[in-house]
Amino acid sequence: MAAAGPRPAGRSRTVFWNDPRVRALFAQAVVLLLVIAGAAYLISNTIANRERLGVASGFDFLWQVAGFDISQTLIDYDRTYSYGRAFLVGLINTFYVAVVGIVFATIIGFIMGVARLSSNWLVAKVASAYVEIMRNIPLLLQLIVWYFVVLGGLPAPRESIALGEGVYLNIRGLFLPKPVFGEGTAIFLAAVVLAVIAVLVLRRWARRRFEATGQPFPVFWTSLAILVLLPLLGYVLAGMPITFEYPKLGKFRISGGLVMLPEFMAMVAGLSIYTGAFIAEIVRAGILAIQKGQWEAAYALGLSRGQTLRLIVIPQALRVIIPPQTSQYLNLTKNSSLGVAIAYPDFFNVAGTINNQTGQAVEVIAITMAVYLSLSLGISAFMNWYNARMALVER
Amino acid sequence: MAVQERASAAAAVQPPVTERITVLAWLKHNLFSTWYNSLLTILVGYLLYLVLVPVFRWAVLDATVSGDSKEACDFAGACWTLVKVRFGQYVYGLYPEDQRWRVNLALAIAAVAMVPLFLERFRHRLTYAVGLVLVYPLVGYTLFYGGWLGLPVVETPRWGGLFLTLVIAGVGITASFPLGILLALGRRSEMPVIRSLCVAFIELVRGVPLVTILFMASVMLPLFLPAGVNFDKLMRALVGVALFSAAYMAEVVRGGLQAIPKGQYEAAMALGLGYWQMTGLIVLPQALRLVIPGIVNTFIGLFKDTSLVTIIGLFDLLGMAKLIVTDPRWLGLAAESYIFAAFGFWIFCYAMSRYSQHVERRLSAGERR
């Protein structure tokens, strides 16, 4: 009797437009429709505009001849190469400046972060002045100052500043001796690879022995010795295959040697000093997050100050430091696109030139966004992996 | 007898130990505590001496302020004459000189209208803020752009300098804040379509540099719109900046939302509150309070990022500094111009960061109680 009641079980009492599930479905359908309609409207406009302007579509232009020069090329490139190759050159330049910038920013940041916690009043004040000044001035302004004021004030090639044997600094850039790889370089490289493998094996062995017997092994010094001596031995045995080509000082220009463009130096200086200020704050917070009891407990166990720092404090501080550090590395990589303001030929700059020449804005922007997105995802994937290695291993 | 005893007891009472730090003791403790600290102090002090003395000589002792052309400067030191003569352009850009009072008036109204927001006694701060955000743009637009109430029109390409920086930052902040909250709520929504749209937007925008977005706004927007429809260049930059910082704001707000315990949501639902009531009355007030420092940091980032509009050809404070440097009458004074612009940006960002630290301390004091 009860089963034949007026309200079947499982049915809600409310009218259907008050049912939250129906409402949710309805809201989503409306949003989806709006988004699709908006996208369709924009796409149809774009197609119409492109037909009107007579712009080609598709990615065929990547194989056409680029016809413009790029001032810094780490792979073979001149104006007869294709647009695709030009993109690649720009991408490599972005990588190059980002990697060098990240290395310097990390070094500056760690030094300044530790210095801010120094018991020495002067050192702490200098470090905090650095942080407070640099992170409150726009990066673009800093890059422009580095490029146009600091490096733009360097002397002409004729009055180059000599910084040592074959190292010259002038308005055209920093000139360094260029290594020339002669015959037998392969033997040297093999020695380097061998040294790295030997160090890795040694570390595993030392760790096993330490866990089994408790006897420590001076891994650091032994590794250093292997890393220096083995390649050196290979170098001598191969008959010293690497020679250096020194830059020659001419009247108007310097020929030969390895050149670091002023654009590149300004980028590295600006990016690393700006990002270094943020990293310094992260490092400071990371060290402050370690409780005093950790130090005291480590001393009570008989560890030395160095061991405490290396085995107790830094591994724990890194856990606090790594996630925000990742976003700083990401920021630095994305900020390298500001190179466009000082003519550093990074990816964004090259993409802008290609867009001007071909007029295919949609394709160029799509490629640009895809590249920066994958760069970002790549860096965060790597840092997540590193973070997972460092993370607290719980029982 | 008793009197004597009391007297000797009084004599035995030592005066309280006051900490008297002499200069020498301070120096010894803070600068020369160990041999390597002493070495470090001397080294850093020497480096500072090497850097600061020439800078001080250049910027203050040998500097020129008098005169009204480059010829007044002797180039032994800084030529602040440039900044003095062109001060108006650094602040107002190319805004007509006889109309500058409008900018001053609008900014003064903004400054006065914002005072109640910082009064902790004032109860209706939220209502007031919402009202301000709705009403002020009309006031600002009328005064800045004109063409109404007998005010002559000043086209946006003439806007510039610090004034333009403040306009972009102000619009960016007021637009990105509500947008960011909506995106953060959308990202935590249980509706899959809305959640994935929000995630896609946030991650896409956060994954690319602001320059690409500004570039897209200035190059691609005309392609997206029907032929003949054209947006103001400033408008495009504003849309780009607002969308960009909304994505960052969303992540900050999401951090606050995640910190609210589930019990708060359940209690709100048990009281019969709907989604918007629960969000507006229970969740957001707590979540936003937690992330005020993060929000202010996003604002600081936005303020600095406004300088990027220079790249798409607007003349904000940095753009103006760059433009003035290229003036043939003032060639060779790049350092002075950029240092002045840097100082302008620095003042605002530093003030905001101090405010954020102040709020952080106040909030954590509340937590401790």
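Here the structure is a predicted model, which means the values were calculated and not measured.

1. Observations concerning the overall build of chain A
Okay, so step 1: Broken down by element type, chain A carries eleven helices and eight strands.
Okay, so step 2: Taking 395 residues into account, the globule formula puts the C-alpha radius of gyration at 21 Å, and chain A, at 29 Å, lies well above it.
Okay, so step 3: When each of the 395 residues of chain A is scored for burial, the buried share is 28%.
Okay, so step 4: Looking at chain A alone, contacts between residues at least 24 apart form 68% of all its contacts between residues at least 6 apart.

2. Concerning the interface of chain A and chain B
Okay, so step 1: In this complex, chain A contributes 43 residues to the contact, which on the side of chain B involves 43 residues.
Okay, so step 2: Where the side of chain A that touches chain B is concerned, the elements lending two or more residues are helix 1 (20-53), helix 3 (121-134), helix 4 (139-150), helix 9 (305-335) and helix 11 (361-390) of chain A.
Okay, so step 3: Top element by residues in the side of chain A that touches chain B is helix 1 of chain A. It accounts for eleven residues.
Okay, so step 4: Looking at side-chain class alone, the side of chain A that touches chain B contains 29 nonpolar, eleven polar and three charged residues.

3. Remarks on the environment of Pro138 of chain A
Okay, so step 1: Its location among the elements puts Pro138 of chain A in the loop between helix 3 and helix 4.
Okay, so step 2: For the pair Pro138 of chain A and Gly101 of chain A, spaced 37 residues apart in the sequence, the C-alpha separation amounts to 17 Å.
Okay, so step 3: Dropping the residues within four chain positions of it, Pro138 of chain A is found in contact with Lys304, Ser307, Leu318 and Phe345 of chain B.

4. Section: the pairing of strand 3 (residues 173-176) of chain A
Residues and elements named next belong to chain A.
Okay, so step 1: Two strands pair when backbone bridges link them, and strand 2 (residues 168-170) and strand 3 are joined in this way by three bridges, in the antiparallel orientation. Considered in strand 3, the bridge of Asn170 is made with Gly173.
Okay, so step 2: Linking strand 2 back to strand 3 in an antiparallel pair, the connection comprises two residues.
Okay, so step 3: Across three bridges, strand 3 lies against strand 8 (residues 258-260) in antiparallel orientation. Paired with Leu174 across the bridge in strand 8 is Met260.

5. With respect to the packing of helix 7 (residues 161-187) of chain B against helix 8 (residues 192-207) of chain B
Helix-helix packing: each pair is described by the crossing angle between the helix axes and the interaxial distance.
Residues and elements named next belong to chain B.
Okay, so step 1: Relative to each other, helix 7 and helix 8 sit at 125 degrees, their axes nearing to 7 Å. In terms of orientation, helix 7 and helix 8 fall into the oblique class. As for how helix 7 packs across helix 8, the hand of that crossing is left-handed. The residues of helix 8 that touch helix 7, namely those facing Leu183, Gly186 and Arg187, are Ile194, Arg195, Cys198, Val199, Phe201 and Ile202.
Okay, so step 2: For the contact of helix 7 with helix 8, the residue count by class is six nonpolar, one polar and two charged.

6. Some words on the nonpolar core
Okay, so step 1: In terms of nonpolar packing, the biggest core is built from 143 residues, with Leu141 and Leu143 of chain A together with Phe163 and Leu214 of chain B touching the most fellow members.
Okay, so step 2: Apart from the residues within four sequence positions on either side, Phe163 of chain B is in contact with Val91, Tyr92, Gly93, Tyr95 and Val103 of chain B.

Rules used in this analysis
Residues numbered from 1 in each chain as written. Chains lettered and ligands numbered in written order. Predicted model: local features only at pLDDT ≥ 70, side-chain atom pairs only at ≥ 80, totals over all residues. Helix = DSSP H or I, 4+ residues; strand = E, 2+ residues; numbered from the N terminus. Rg over C-alpha atoms; globule rule 2.2 N^0.38 Å. Buried ≥ 20, exposed ≤ 12 C-beta atoms within 10 Å, placed from the backbone. Contact = placed C-beta atoms within 7 Å. Nonpolar A, V, L, I, M, F, W, Y, C, P; charged D, E, K, R; others polar. Pairing = 2+ DSSP bridges. Axes fitted to C-alpha atoms, helices over the stretch in contact; angles between N-to-C directions. Parallel < 35°, antiparallel > 145°, perpendicular 65-115°, else oblique. Left-handed = near helix turned anticlockwise from the far one by under 90°. Core = buried A, V, L, I, M, F, W, Y, C linked by C-beta atoms within 7 Å.

Just distances and angles here, no functional claims.
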